[in-house]
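# Coordinates in review
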Amino acid sequence: MTIRQALDHQTPAARAISHSAFQHAIRLGHPYMGSEHFLLALASADHPAGAVLRAHGVTPDRVEDQIVRLSGGGLFGDLDRDALASVGIDIEAVVDRVSRSLGPAALHKASRAAFRERRVRWWDPRRRYVGPGAHMNGRFLPAGTGMPQILHHAHLEEQARQDPQIDVQHLALGMLSVTKGLAPAVLAALGVSVPELRAALADRP
Amino acid sequence: MLTTMESSAEIAEAASSTDPDTGLRAVAALRMLTERLEILQVDNARRLGWSWQDIAERLGVTKQTVHRKHAGRHA
């Protein structure tokens, strides 16, 4: 199932989560959409699944603080953390150190600069491969690490329950299976027990 | 979060693996990391009043290269 199909196959409430994730990415100035933006959208959702997340300490404020810290103001948020770890680079340590020596404001500014360079003008006739991502209000955000994965896992949850469409609960459960992007790192930093959270989310009808 | 033991075991495994997928993805990720760090450090140097020549020397490239790559942001 492609991203396009998965996005078309959602209930209105789940679609609202995707939109909210997109807006969180724009608001934070991140040039990509990752699993962490879905986590932030789910944590702020006015939905039973959102309430379960908040009850387990996954509140919007705490999630956002961790996203800003771990992504280094957006500059390092879309890097493949596992690939870097495979050659011995702890990206979290790099970001913490750089952010301490140069200050979070410099990181955020550099992130904006990196974003500007990659912006594609709508009138530019050159064809280029943009890849998967999300389009909204004339803005395009490439799918960062983890976004295709969360939709895929949400689809699996939906199939396992034999539900007709992907709902918010499926997105929340799919989120917990995601290994890419910042969502797992954010949950770990918040000290959340994923199995407990999964059981609590699965309880809800 | 990985514990130190887990992560070092994993690193050893990745380093010894001959799977090109792991190695190539690591190279791509490293390149991205270097690009982001370059933006950050060049911006910082310019803020502190460094000349393009000085920056180019430290990066090991010509002045023209570093200017073409980064001057647009400071215009």
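Residues numbered from 1 in each chain as written. Chains lettered and ligands numbered in written order. Predicted model: local features only at pLDDT ≥ 70, side-chain atom pairs only at ≥ 80, totals over all residues.

Attention now goes to the overall build of chain A. Across its full length, chain A holds 12 helices and 2 strands. Listed by position from the N terminus, the elements making up chain A come as α-α-α-α-α-α-α-α-β-β-α-α-α-α. Out of the 205 residues in chain A, the part that is buried amounts to 45%. Within chain A, residue pairs in contact and separated by at least 24 positions form 70% of the contacts whose partners lie at least 6 positions apart. (Helix = DSSP H or I, 4+ residues; strand = E, 2+ residues; numbered from the N terminus. Buried ≥ 20, exposed ≤ 12 C-beta atoms within 10 Å, placed from the backbone. Contact = placed C-beta atoms within 7 Å.)

The next point concerns the nonpolar core. F38, L42, L171 and M175 of chain A are the most contacted members of the largest nonpolar core, which totals 61 residues. Once you skip the residues sitting within four places of it in the chain, M175 of chain A turns out to touch S35, F38, L39, L42, I150 and A183 of chain A. (Core = buried A, V, L, I, M, F, W, Y, C linked by C-beta atoms within 7 Å.)

All names here are of chain B. Considering every residue of chain B, the mean pLDDT works out to 80; 75% of them sit at 70 or more. Summarising per-element confidence for chain B, the mean pLDDT is lowest in helix 1 (residues 4-16) (53) and highest in helix 3 (residues 52-59) (94). Overall fold confidence (pTM) sits at 0.79, and the ipTM for the predicted complex is 0.74. (pLDDT = per-residue confidence, 0-100.)

Another point: the environment of G174 of chain A. Residue and element names in this part refer to chain A. By secondary structure assignment, the location of G174 is in helix 10 (residues 168-177). Assessed through the 23 C-beta atoms surrounding it within 10 Å, G174 is described here as buried. Sequence-wise, G174 and L156 are 18 residues apart; in three dimensions their C-alpha atoms are separated by 7.8 Å. Excluding residues within four positions of it along the chain, G174 makes contact with I150, H153, A154 and E157.

Below, the discussion takes up the packing of helix 3 (residues 35-43) of chain A against helix 5 (residues 60-71) of chain A. Residue and element names in this part refer to chain A. Orientation of helix 3 relative to helix 5, taken along the N-to-C sense of each, is 165°, at an axis distance of 9 Å. Overall, the two elements helix 3 and helix 5 adopt an arrangement that is roughly antiparallel. Considering the relative orientation of helix 3 and helix 5, their crossing is left-handed. Contacts between helix 3 and helix 5 involve E36, L39, L40 and A43 on the former and, on the latter, P60, V63, E64 and I67. (Axes fitted to C-alpha atoms, helices over the stretch in contact; angles between N-to-C directions. Parallel < 35°, antiparallel > 145°, perpendicular 65-115°, else oblique. Left-handed = near helix turned anticlockwise from the far one by under 90°.)

Residues and elements named next belong to chain A. Look at helix 2 (residues 12-27) against helix 3: their axes get within 8 Å of each other, and the N-to-C directions meet at 115°. You can see that helix 2 and helix 3 cross each other, and the crossing is right-handed. Taken together, the residues of helix 3 that come into contact with helix 2 (itself represented by I17, S20, A21, H24 and A25) are H37, F38, L40, A41 and L42. A breakdown of the residues in the contact of helix 2 with helix 3 according to their chemical character gives 7 nonpolar, 3 polar and no charged. (Nonpolar A, V, L, I, M, F, W, Y, C, P; charged D, E, K, R; others polar.)

Moving on to the interface of chain B and chain A. Contacts between the two partners involve 18 residues from chain B and, on the opposite side, 19 residues from chain A. Mapped onto the side of chain B that touches chain A, the elements with two or more residues apiece are helix 1 and helix 2 (20-47) of chain B. If one sorts the elements of the side of chain B that touches chain A by residue count, helix 2 of chain B sits on top with 12 residues. When its residues are assigned to classes, the side of chain B that touches chain A shows 10 nonpolar, 3 polar and 5 charged.

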